[in-house]
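# Structure assessment
What follows is the residue order along each chain.
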2 protein chains.
Amino acid sequence: MAIEKYHNRSHMCGVLRESDIGSTVTLYGWVQKRRDLGGLIFIDLRDRTGIIQIICDQDISRQAFMEAEKIGSEYVVTVRGKVERRTSENPNMPTGTIEVYAETLDIINEAQTPPIYIKDDDEVSESLRLKYRYLDLRKPSMQANLLLRQKISNFVRFFLSNEAFIEVETPVLTKPTPEGARDYLVPSRVNAGKFYALPQSPQLFKQLLMVSGLDRYFQIVKCFRDEDLRADRQPEFTQIDCEMSFVNQEDVIELNSRMLKKMISEIKGVELSLPFPRLTYKESMEKYGSDKPDLRFEMELIDLSDLMANCGFKVFSDTVNNGGQVKCIKVDGKAENLSRKDIGKLEDIAKTYGAKGLAWMKVEIDNDVNAPIKKFFSSDEIQSILQKTEAENGDILLFVADKPSVVAAALGHLRVDIANKFNLYDKNTYQFVWITDFPLLEYDEETKRYVAMHHPFTSPVVEDIEKLTSDPANVKAQAYDIVLNGYEIGGGSIRIHSSDLQSDMFKALGFTEEETREKFGFLLDAFQYGTPPHGGIAFGLDRLAMILAGEENIRQVIAFPKTQNATCPLTDAPSTADQRQLQELYIKTDLPSIDN
Amino acid sequence: MAIEKYHNRSHMCGVLRESDIGSTVTLYGWVQKRRDLGGLIFIDLRDRTGIIQIICDQDISRQAFMEAEKIGSEYVVTVRGKVERRTSENPNMPTGTIEVYAETLDIINEAQTPPIYIKDDDEVSESLRLKYRYLDLRKPSMQANLLLRQKISNFVRFFLSNEAFIEVETPVLTKPTPEGARDYLVPSRVNAGKFYALPQSPQLFKQLLMVSGLDRYFQIVKCFRDEDLRADRQPEFTQIDCEMSFVNQEDVIELNSRMLKKMISEIKGVELSLPFPRLTYKESMEKYGSDKPDLRFEMELIDLSDLMANCGFKVFSDTVNNGGQVKCIKVDGKAENLSRKDIGKLEDIAKTYGAKGLAWMKVEIDNDVNAPIKKFFSSDEIQSILQKTEAENGDILLFVADKPSVVAAALGHLRVDIANKFNLYDKNTYQFVWITDFPLLEYDEETKRYVAMHHPFTSPVVEDIEKLTSDPANVKAQAYDIVLNGYEIGGGSIRIHSSDLQSDMFKALGFTEEETREKFGFLLDAFQYGTPPHGGIAFGLDRLAMILAGEENIRQVIAFPKTQNATCPLTDAPSTADQRQLQELYIKTDLPSIDN
């Protein structure tokens, strides 16, 4: 066929329906499957919209039949033919009641046998999938994920534009920003010996836009962190970034709650009610052992410290008397489902979070218990545990005794693992919770100084401002995180808008005046010229898309992601650079010599 | 006032109208101006939406009056008061019929005297404007530009989403791409000695998405070129990037023409008709001396070469006989407006484009001419020039004789300069033209080899494919540019979709097989697995926004642009990096020593 004529496509493959019966259609697509059956060749023809069955019958078109004999999987072909009712309907396909009898069939491009199957349940290794990402992205599930991601972005842009937010693009080649992770650096050719940094977030620019009086800003924007990668982190990631002037924490929470509710309604068809629940950081840590609690199920941490302070079990009482805690979670009705071996596995998990062990107690009939630690307790002590935990026959209690941070981490993670193990929640539930009242500062044992828990531009709550120098550990921040199904999907704060308070904050963080000036002088200057109070939030789009797509790995919602080693198996990036290029940039590589 | 209460804003300043008379409003904004008039203080209060006049009358509120006495320009304040009809209306302001009598006024943040005025006609240097960009962006014109830019982006996203395009994000940390400009490099910490490149465009990824069967892709995306900067270039710029499968050049032109027509209608309220005019590259160079002709005015280049081949003026005849050209432009009715001094200036312009001189001829009554070169021509020759150019009394002809590239450049630029000088077009006109039939390859005198005029993935026209090896200079490309008012705002091509043809193309460009494999092996591989024919286009969003905003500098439509030296006077990027950081990245700086 002439290369010039492609605009005669009449339909996409997957949109044909019974109402098209009798029409002659021209289709373009990929051969999903070919089956030969006597004088007939059946082809499943696939495009972005789905699959339609093509029949090449040599009695109808010898040309089509002869061409069809040459084709294999993933050939690109065009078919012209008539839509007919299918004799044996396939109820599993949206086009399952019809088929197209080919009048002409032309091969547009051939295909070698692909190294991975183009089907959703192909269980090939992820590295192979990433190397042949262009084939992997032919899978309907991957295309659906990319479409979902676009739907989220479009929704957000539409919602925020309607709420008078202006999308403003901020620089990618910029100055190091203070988010705390490592920056990616970009050597400058024009400015010898100098470097740009890729932004970890547009934090400073969005604050400057508030100084500009833009009032409401947003941006869906790539950000960069050179961190050691975890399962749900990428060197580059996309943020939905917002900032508003003349607002307090309630305003930010209200607007963003409305946005999220509407997003879930439009994208998942699930109606949530407002306001979303809230927990203070302290409550969340106490009840769920985490600042990103999954509230799709209960199983709160129950504090038994008071009860155990004087109990007969020395491991528990000593822990409490040395400033530690004893807490437990209660797994309703699962005593019989957890064997000693299962409990051993849970104990291993608890140990990875620092716990020294995992004690347990199965509740039996008549308030009796089955537990290795039973012998250390008086009967009254057992009864008071059962009373406090409201444990009943068939329940199991799992205890950790340790310093509060270990108790929280161990039981917090166990809680989630057990819920997953026993399917204790509905997968199609979207449970948001705002976490508020974070501490402003954390003491860093390593550097022996305070670091900002959120970032240095977060405002303390007004009544704590005076404690910034006298009692920094107990200053609360006007900061908030939004958590969905146990993932932190966003966070933000009301910012400092006073030059003096911002200077005090840098002092509290141990910055010298010189450091402050060099890094943030322009922000302190800006704050001198009429800065409105302002605050904002940023959402991780990748993670949000992952959750709404029902995936467990952000690489599933990114077209061309990097591996855990920050490489791209498809393009082989990063790669070596040639000397001439490095010379132009006034740098050379400085590799560790092999001798050392 | 308590910091916590900002959500009581009832209106934005600029939206108040006569219908609000009698209401009590709460406003937040910046003090544009304060005037004291006896017992009254007048304040122009500004926010993003405009300005409203506030009156502080001590008889109405002593508190408001006392506070107002303390404030200066750019203070951030909140005012509560009643909207009243204004006694002396100001027809130049949308809020000019009303004013607000302050009942309370509170200072939210103070301001030092700003180093630049917050008004559109402030004639301060651009470097000062960039250093205090947060103040510069308070200007209504700059905010209007940012809003216009968002409007364009939103329009494009809406239009393309409706046309079944999927927006897909492609990587920023990637492999060097082959657009021909220098890449920005990013050293990798995890992969010692290796570098990512920032993309000059998402070209390869968008083609891979077509291999994936996504069918229609777009993205509004930052791209990066480390070029020596011109007035309308930035190290990072934003591209509206599209790609479609199963299309030919007509399909791409048709869809994008519709998009641009609708954009101009929605954003500028100007109705254009389709199809947009088209010129081949050859026609455009011949008639306008440029491949980005401004068609808002005529003044075509007129070829007199045949006429001059045997004329008495040796400069002209020799040029023609040595393979050169003699061309002129005719400026209608402007003979009297161009003094010898003016013509001297035009000649200087022509010389900057390589012309050795600029000959001229003013047409007088009765087909007589006034021209220094008149003496070299016979009367018949003069008459034939006048006939060919259709020149009449009062017109002036400007001639350049040289090799074709110099004639085109010199007259092409003169044409534009003269049109600007004499306002030969309506500023509110949007004149699009498609340029087609570009050569596929250009011979590079320096490297003595052919280079791709567009990029190496552009498909030759089908009938020229065989000439790729035998006659590369005469192969036409399936490439097209879209030009608006003399600016190239976009360009694209139908791509090669055959692995063999793509290999031939790399060969024609002088790439060794090893180079091809290393740089583009993954693309050639991808083309083996069922690649659809595809093509696309990319628009420069910055330049498009600049034109629609009526600006002459793209920095006017970018919130935080870089200077010509690729620096940011606001943040002082790029800056030096500390040694520890460079060590982690396995690089060191390699500055030229001062001795050399």
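Because the structure is predicted, anything quoted here is derived from the model rather than measured.

### Observations concerning the overall build of chain A
A count of helical and extended segments in chain A gives 17 helices and 23 strands. Within chain A, the fraction of its 596 residues that count as buried is 57%. Counting only contacts in chain A whose residues sit at least 6 apart along the sequence, the fraction spanning at least 24 positions is 67%. Counting only carbon and sulfur atoms, one obtains 46% of the accessible surface of chain A, whose full area is about 24900 Å². Considering chain A, the positive charge centre built from 72 side chains and the negative charge centre built from 92 side chains are found 3 Å apart.

### A short note on empty space enclosed by the protein
Inspection of every chain in the model, using the stated rule, returns seven cavities of 30 Å³ or more. Here the largest cavity defines a volume of roughly 480 Å³. Residue lining of the largest cavity: 28 residues in total, with Arg157(A), Ile220(A), Val221(A), Arg157(B) and Ile220(B) positioned closest to the centre. When residues of the lining of the largest cavity are traced back to their parent elements, those giving at least two are α4 (140–162) and β9 (216–224) of chain A together with α4 (140–162) and β9 (216–224) of chain B.

### Considering the pattern of salt bridges
Per the stated rule, a full pass over the model turns up 80 salt bridges over all chains. When the shortest N-O distance is used, the salt bridge between Arg9(A) and Asp215(B) registers 2.8 Å. Pair noted here: Arg9(A) is in the segment before β1 (24–37) and Asp215(B) is in the loop between α5 (203–211) and β9, and the two residues belong to different chains. Accessibility expressed as a relative area gives 3% for Asp215(B), which makes it buried. One salt bridge in this structure joins Lys70(B) and Glu67(B), with 2.7 Å as the shortest N-O distance. Here Lys70(B) and its partner Glu67(B) are both found in helix α1 (residues 62–70), three residues apart, which amounts to about one turn of the helix. What makes Glu67(B) buried here is its relative accessible area of 17%.

### Some points on the sheet that holds strand β3 (residues 50–57) of chain A
Residues and elements named next belong to chain A. Within the closed barrel, the five strands sit side by side as β1-β2-β3-β5-β4. Their pairing is mixed. Each strand axis lies, on average, 55° off the axis of its neighbour in the sheet, ignoring direction. With eight bridges connecting them, strand β2 (residues 40–47) and β3 associate as antiparallel partners. By the bridge assignment, Phe-42 is partnered in β3 with Ile-55.

### Examining the relation of the copies chain A and chain B
By a simple turn and slide, chain A fits onto chain B: the slide is 0.0 Å along the axis, the RMSD is 0.1 Å, and the turn is 180°. Accordingly, the operation relating the two chain copies is best matched by a two-fold axis. A share of 100% of interface residues in chain A that are also interface residues in chain B marks the association as one of identical surfaces.

### So, the domain arrangement of chain A
By the assigned domains, chain A splits into domain 1 (3–109), domain 2 (143–277 + 433–557) and domain 3 (297–424). Once you take the C-alpha centre of each, domain 2 of chain A and domain 3 of chain A turn out to be 37 Å apart.

### Remarks on the sheet that holds strand β15 (residues 369–370) of chain B
Residues and elements named next belong to chain B. Spatial strand order, β12-β13-β16-β14-β15: five strands in an open sheet with antiparallel pairing. Every interior strand has two partners, whereas the edge strands, β12 (302–303) and β15, have only one. Alignment of strand β13 (residues 325–331) against strand β16 (residues 396–402), held across seven bridges, turns out to be antiparallel. Each residue of the ladder has a partner; that of Val-331, found in β16, is Ile-396.

### Here's the deal with helix α6 (residues 249–268) of chain A
All names here are of chain A. A rise of 1.5 Å per residue sets the reference length of α6, with its 20 residues, at 28 Å; its end C-alpha atoms lie 27 Å apart and thus fit the reference within 8%. Of the positions making up α6, those classed as buried are Gln-249, Asp-251, Val-252, Ile-253, Leu-255, Asn-256, Ser-257, Met-259, Leu-260, Met-263, Ile-264 and Ile-267. The N-cap of α6, judged by a side-chain oxygen 3.0 Å from the amide nitrogen of Glu-250 a few residues on, is Asn-248. After α6 finishes, the residue Gly-269 shows a positive phi value of roughly 65°.

### Let's talk about the packing of aromatic side chains
Evaluation of the coordinates by the stated rule reveals 46 aromatic pairs over all chains. Where Phe205(A) meets Phe560(B), the ring centres are 4.8 Å apart and the plane angle is 55°; that geometry is what we call tilted. With Phe205(A) in helix α5 (residues 203–211) and Phe560(B) in the loop between α16 (541–548) and α17 (579–584), the pair connects residues from two separate chains. Using a relative accessible area of 5% as the deciding quantity, one classes Phe560(B) as buried.

### Details of the interface of chain A and chain B
Residue-level contacts link 126 residues of chain A with 127 residues of chain B. Both sides of the chain A and chain B interface together cover about 11200 Å² of buried area, and 59% of this is carbon and sulfur. Taken together, the links from chain A to chain B amount to 11 salt bridges. Between the two partners, chain A and chain B, sit 59 residue pairs in polar contact (both at pLDDT 80 or more). Tallying contributions element by element places α4(A) first for the side of chain A that touches chain B, with eight residues. Classifying every residue of the side of chain A that touches chain B by side-chain character gives 64 nonpolar, 31 polar and 31 charged.

### A closer look at the pairing of strand β18 (residues 441–444) of chain B
Residue and element names in this part refer to chain B. Here β18 pairs with strand β19 (residues 449–452) via four bridges, running antiparallel. Its bridge partner being in β19, Tyr-443 is matched across the sheet by Tyr-450. Taken together, β18 and the strand that follows it, β19, pair antiparallel across an intervening segment of four residues, in which Lys-448 is found at a positive phi of about 55°.

### A word on unusual backbone geometry
Residue and element names in this part refer to chain B. In this model, Leu-274 is joined to Pro-275 through a cis peptide bond whose omega is -5°. Geometrically, the link from Ala-573 to Pro-574 is a cis peptide bond, its omega value of -5° lying close to zero. Looking at the element boundaries, Pro-574 is found in the loop between α16 and α17. Positive phi outside glycine occurs at Asp-572, with the angle close to 70°. Looking at the element boundaries, Asp-572 is found in the loop between α16 and α17.

### Regarding helix α11 (residues 379–389) of chain A
All names here are of chain A. Of all the positions in α11, only Glu-381, Ile-382, Ile-385, Leu-386 and Thr-389 are classed as buried. Down the axis of α11, the buried set is contained in an arc of 135°. They therefore lie on one face. α11 presents Ser-379, Asp-380 and Gln-387 as exposed residues on the side facing more than 90 degrees away from its buried surface. The secondary structure elements touched by the buried residues of α11 are β12 (302–303), α8 (305–308), β13 (325–331), β14 (359–363), β15 (369–370) and β16 (396–402). Of the residues trailing α11, Glu-390 is marked for its positive phi of about 50°.

### Some details on the pairing of β16(B)
With seven of seven residues buried, β16(B) lies mostly within the body of the structure. Alternating positions in β16(B) separate into two faces, Ile396(B), Leu398(B), Val400(B) and Asp402(B) on one and Leu397(B), Phe399(B) and Ala401(B) on the other, with burial throughout.

### Remarks on the confidence of the model for chain A
Taken over all residues, the pLDDT of chain A has a mean of 93, while the share at 70 or more is 97%. As a predicted assembly, this complex carries a pTM of 0.95 together with an ipTM value of 0.95.

### Some points on the UniProt feature "binding site: L-aspartate" (unreviewed entry) in chain A
Residues and elements named next belong to chain A. On the UniProt side, "binding site: L-aspartate" (unreviewed entry) is annotated at positions that read Glu-179, Arg-225, His-454 and Arg-495 here. Structurally, His-454 is set in the loop between β19 (449–452) and α13 (467–470). Residue His-454 is classed as partly exposed on the basis of its relative accessible area, which comes to 30%. Sequence-distant contacts of His-454, defined by excluding residues within four places in its chain, comprise Ala-479, Asp-481, Gly-491, Gly-492 and Ser-493. Its location among the elements puts Arg-495 in the loop between β21 (487–494) and α14 (499–508). Those residues within four positions of Arg-495 in sequence are excluded, and the remaining contacts are Gln-203, Lys-206, Gln-207, Cys-242, Glu-243, His-455, Phe-457, Ser-459, His-534, Gly-535, Gly-536 and Ile-537. Of the polar contacts made by the side chain of Arg-495, one reaches the side chain of Glu-243; its length is 2.7 Å.

What counts and what doesn't
Sequence order as written defines residue numbering, which begins from 1 separately in each chain. The lettering of chains begins at A and the numbering of ligands begins at 1, in the order of writing. Only residues with pLDDT of 70 or above have their local features reported here, since the model is predicted, and side-chain atom pairs are shown and tallied only from 80 upward, although totals for entire chains, interfaces and linings are computed over all residues. Note that water and hydrogens are dropped before the side-chain values are worked out from all heavy atoms of the structure. To qualify as a helix, a DSSP run of H or I must reach at least 4 residues; to qualify as a strand, a run of E must reach at least 2; elements of each kind are numbered from the N terminus. Working definition: with a 1.4 Å probe on protein chains only, accessible area under 20% of the residue-type maximum means buried, over 50% means exposed, and in between means partly exposed. Any two residues whose heavy atoms approach within 4.5 Å at even a single point are treated as in contact. Computed by Shrake-Rupley with a 1.4 Å probe, the accessible areas treat only the displayed protein chains as cover when residues are assessed. A residue counts as positive if it is Lys or Arg and as negative if it is Asp or Glu; His and the chain ends are not included. Every charge is mapped onto a representative atom, which is NZ of Lys, CZ of Arg, CG of Asp or CD of Glu. A cavity here means a set of points on a 1 Å grid, drawn over the protein atoms and nothing else, where a 1.4 Å probe fits but cannot get out; a pocket is an open set with protein on both sides within 12 Å along at least five of seven lines, and a residue lines either one if it has an atom within 4 Å of a point. Grid points are joined across faces, edges and corners, and a volume is the space filled by probe spheres set on the points. Here a salt bridge means any side-chain nitrogen of Lys or Arg lying within 4 Å of a carboxyl oxygen belonging to Asp or Glu. Paired strands, as defined in this entry, are two strands with at least two bridges between them according to DSSP. Throughout, an axis means a line fitted to C-alpha atoms (over the contacting stretch in the case of helices), and angles, computed between N-to-C directions, take values from 0 to 180 degrees. When the copies are superposed, the least-squares fit draws on C-alpha atoms of residues that have pLDDT of at least 70 in both. Each domain span listed reflects an automatic or database assignment of domains. Helix span, expected: 1.5 Å multiplied by one less than the number of residues in the helix. For this analysis, a polar contact is any N or O atom pair within 3.5 Å, provided that within protein one partner can donate a hydrogen and the other can accept it, and provided that sequence-adjacent residues contribute only side-chain to side-chain pairs. Here a Phe, Tyr or Trp ring, Trp counted by its six-membered ring, pairs with any other such ring whose centre lies within 6.5 Å, and the pair is stacked when the planes are under 30 degrees apart, edge-to-face when over 60, and tilted otherwise. Two parts placed together each lose some accessible area under a 1.4 Å probe, and adding up what both lose gives the buried area. Gly is put with the polar residues, along with every residue not named as nonpolar or charged; the nonpolar set is Ala, Val, Leu, Ile, Met, Phe, Trp, Tyr, Cys and Pro, and the charged set is Asp, Glu, Lys and Arg. Arc, as used here, means the arc of the directions from the helix axis to the C-beta atoms. Scored from 0 to 100, pLDDT reflects the predictor's confidence in each residue. UniProt positions are given in the numbering used here, feature names are shortened, and annotations may be inferred rather than shown by experiment.

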